[in-house]
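# A structural walkthrough
One-letter residues, chain by chain:
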Amino acid sequence: MMRIAVLAGALLLTAATAPVPDPRLAPVDPELRPMASIILQAQQNGAQFTPPKPGVLPDGIVERRLPARNGQPPVTAYVINADADAAKSPRGAILFIHGGGFISGDARDNLTALRSLAARLDCVIVSAQYRLATVAPFPAPMEDNYTALKWLYDEAALLGVDRRRIALLGGSAGGGIAAMVSLAARDRKQVPIAFQALVYPMLDDRTGTSRPVPPTIGQIIWTARQNREGWKAMLGRAPGGAAVPAGAVPARVADLKGLPPTFIGVGSIDLFADEDIDFARRLVNAAVPTELLVVPGAYHGFELIVPKSQVSQQFTTALEAALARALAPETRK
């Protein structure tokens, strides 16, 4: 999720000329509009983004090598705020899954922000360095994160975690993979998931392919073209076709019954707005407790790019409140 903010900063620095009036800005929230103008200008100028190399691990974060599972390779994971001494009063835990369109991103990009989140929520957070789809398509990215989930569940006592309070959290492609992991956990019946928080999740390969995108959405940060590239890598085939691998596209899974309580948040002009709203509707129809937050005039990654705006603060507050409720001890629910 933090990678979106880094991308926006890179686009800002590479904008060659001053922003000019653009009709695509009309539906954007006024507080988000100045950065949107800069981003659109940079995109038009063909700005290129080279991700920075991750530095040393922040204090208090431990790197673990998780053993291979069911024919999958070992997985590197980062553990935040674990405390074996908390076994007498175990806390909730989050498996965080980073974004990047399935084709980019690094678990180390988010560790400082996740450390702050873990402190605010008084929970343990684990984040896996999963294989990107450019290296290994589905099911590899999902399976790597499932390996981290299963490890978190199996080692809960050593981590000071209450097995009954494990949540999934992911943004963009990370939200899409979180939904895949949640479906796999439901079907495999090995790990009970208490909650899933999906932040503008990437759920449907048909968006921008077999389903046209309205001209007012999906113009800022993440576009239909980029979406096609990401899904092509994940599926190992052209997206939007008649058939996809089972479990690879959450929006195409027919039965959503039995999934955990869910939070979905998305901006109204995000490329994923329609697919996220539809997924939330289907969850409600499947009797899954679901909270849907659609932020007017907000584009992809808005709360990371303009964190001090009113809509960003409201969004972040709602997300963290939902997580806090899900991770609270049974006596507080």
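Look above for the structure.
The notes below deal with the structure included here. Predicted model only: the values in this text are computed from it and were never measured. (Residues numbered from 1 in each chain as written. Predicted model: local features only at pLDDT ≥ 70, side-chain atom pairs only at ≥ 80, totals over all residues. Heavy atoms only, no water.)

Let us look at helix H3 (residues 111-121). Every buried residue of H3 is accounted for by Leu-111, Leu-114, Leu-117, Ala-118 and Leu-121. Taken end-on, H3 shows its buried residues confined to a sector of 115 degrees, consistent with a single buried face. Of the exposed residues in H3, the ones pointing more than 90 degrees away from its buried face are Ala-119 and Arg-120. Tucked into the core, H3 has its buried residues touching strand E1 (61-66), strand E2 (75-80), strand E3 (91-97), strand E4 (124-128), strand E5 (161-171) and helix H10 (310-327). (Buried < 20%, exposed > 50% of the residue type's maximum accessible area, 1.4 Å probe, protein only. Helix = DSSP H or I, 4+ residues; strand = E, 2+ residues; numbered from the N terminus. Arc of directions from axis to C-beta. Contact = heavy atoms within 4.5 Å.)

Quick look at unusual backbone geometry now. Backbone torsion omega between Phe-138 and Pro-139 reads 15 degrees, so that peptide bond is classified as cis. Looking at where Pro-139 falls in the secondary structure, it is placed in the loop between E4 and helix H4 (140-154). Positive phi, normally seen in glycine, also occurs at Lys-189, with a value near 55 degrees. Residue classification places Lys-189 among the exposed positions, given a relative accessible area of 72%.

What follows deals with the pattern of salt bridges. Across all of its chains, the model carries 17 salt bridges by this definition. Linking Arg-120 and Glu-320 is a salt bridge whose minimum nitrogen-to-oxygen distance equals 2.6 Å. Residue Arg-120 is located in helix H3, and its partner Glu-320 is located in helix H10; the two are separated by 200 residues in the primary sequence. You can call Glu-320 buried: its relative accessible area is 17%. Where Arg-281 meets Asp-278, a salt bridge forms, and the shortest distance between an N and an O atom there is 2.5 Å. Of the two residues, Arg-281 and Asp-278 are both situated in helix H8 (residues 273-285); the distance of three residues between them amounts to about one turn of the helix. (Salt bridge = Lys/Arg side-chain N within 4 Å of Asp/Glu carboxyl O.)

Just geometry here; none of it tells us what the structure is for.
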